[in-house]
Amino acid sequence: MVAAKKTKKTHESINNRLALVMKSGKYTLGYKTVLKTLRGSKAKLVIIANNCPPLRKSEIEYYAMLCKVGVHHYNGNNVDLGTACGKYFRVCCLSIIDPGDSDIIKSMPGDH
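Residues numbered from 1 in each chain as written. Predicted model: local features only at pLDDT ≥ 70, side-chain atom pairs only at ≥ 80, totals over all residues. Heavy atoms only, no water.

## Describing the nonpolar core
Here is step 1: Formed by 17 residues in total, the largest nonpolar core has its most connected members in Leu-18, Leu-45, Ile-47, Leu-81, Leu-94, Ile-96 and Ile-104.
Here is step 2: Secondary structure elements with two or more residues in this core: α1 (2-24), β2 (45-48), α4 (78-84), β4 (93-98) and α5 (104-107).
Here is step 3: Tallying contributions element by element places α1 first for this core, with four residues.
Here is step 4: Non-local contacts of Ile-104, meaning those with residues more than four positions away in its chain, are made with Arg-17, Leu-18, Val-21, Leu-45, Ile-47, Ile-96 and Pro-99.
Here is step 5: Counting 13 residues, the second largest nonpolar core, distinct from the first, contains Val-34, Leu-35, Val-46 and Ile-48. (Core = buried A, V, L, I, M, F, W, Y, C linked by side-chain atoms within 4.5 Å. Buried < 20%, exposed > 50% of the residue type's maximum accessible area, 1.4 Å probe, protein only. Helix = DSSP H or I, 4+ residues; strand = E, 2+ residues; numbered from the N terminus. Contact = heavy atoms within 4.5 Å.)

Right, dumping it as structure tokens:
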């Protein structure tokens with residue numbers, strides 16, 4: 001019971017930080033633009049939904065490993081990730097270019 005509460009708390013804090021990035025930072029939504037930002041080494045953090053196709057997920061992780069960028073596996077599906085971003089559509093993956101006022105890049109434990 002305690003573990004479930006802790007995961008919910010971290011889930012909410014990630015959503016709050018993500019909302020702050022959407023408001024004050026720079027980001028790209030979607031697979032193609034995530035790969036573009038990784039190739040151009042602009043991305044600081046990549047977030048992937050948990051129902052992202054395995055081939056796509058492994059490709060993004062490979063690019064991120066080459067660029068030495070942290071990857072966070074979001075604890076929800078693409079509908080939840082889209083809602084957390086404040087959008088009315090599904091988001092499979094997103095890259096954060098500039099976190100703005102948020103401390104989302106420093107706060108992700110063990111992803112770097």
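## With respect to the pairing of strand β3 (residues 70-73)
Note on strand geometry: in a regular strand, side chains alternate between the two faces of the sheet.
Here is step 1: Pairing of β2 with β3, which is carried by four bridges, proceeds in the parallel orientation. Looking at the pairing, Val-46 lines up with Val-71 of β3. (Pairing = 2+ DSSP bridges.)

## Description of the sheet that holds β3
Here is step 1: Strands sit in the order β1-β4-β2-β3 across an open sheet of four strands; the sheet is mixed. The open sheet has two free edges, formed respectively by β1 (26-29) and β3, since each of these has just one partner strand. Sheet twist, expressed as the average angle between the axes of neighbouring strands with direction ignored, equals 20°.
Here is step 2: Seen against the sheet, helix α2 (residues 31-39) touches β1, β2 and β4 and runs at an angle of roughly 40° to β4. (Axes fitted to C-alpha atoms, helices over the stretch in contact; angles between N-to-C directions.)

## Focus: unusual backbone geometry
Here is step 1: Positive phi values are uncommon outside glycine, yet Ser-41 reaches one of about 50°.
Here is step 2: Relative to the elements of secondary structure, Ser-41 occurs in the loop between α2 and β2.
Here is step 3: Its identity as a non-glycine residue notwithstanding, Lys-68 has a phi of 60°, on the positive side.
Here is step 4: Positionally, Lys-68 belongs in the loop between α3 (54-67) and β3.
Here is step 5: Note on Lys-68: relative accessible area 77%, which makes it exposed.

## Observations concerning the packing of α2 against α3
Here is step 1: Remark: α2 packs on α3, axes separated minimally by 9 Å, with the N-to-C direction vectors making an angle of 20°. Classified by the interaxial angle, the pair formed by α2 and α3 is roughly parallel. Taken as a pair, α2 and α3 cross one another with a handedness that is left-handed. Note on element contacts: α3 touches α2 through Arg-56, Glu-59, Ile-60, Tyr-63, Ala-64 and Cys-67, opposite Tyr-31, Val-34, Leu-35, Leu-38 and Arg-39.
Here is step 2: Tallied by class, the residues present in the contact of α2 with α3 amount to eight nonpolar, no polar and three charged. (Parallel < 35°, antiparallel > 145°, perpendicular 65-115°, else oblique. Left-handed = near helix turned anticlockwise from the far one by under 90°. Nonpolar A, V, L, I, M, F, W, Y, C, P; charged D, E, K, R; others polar.)

## A word on the pairing of β4
Here is step 1: Pairing of β1 with β4, which is carried by four bridges, proceeds in the antiparallel orientation. Paired with Lys-26 across the bridge in β4 is Asp-98.
Here is step 2: With four bridges joining them, β2 and β4 adopt antiparallel strand pairing. Its bridge partner lying in β4, Val-46 is registered against Ser-95.

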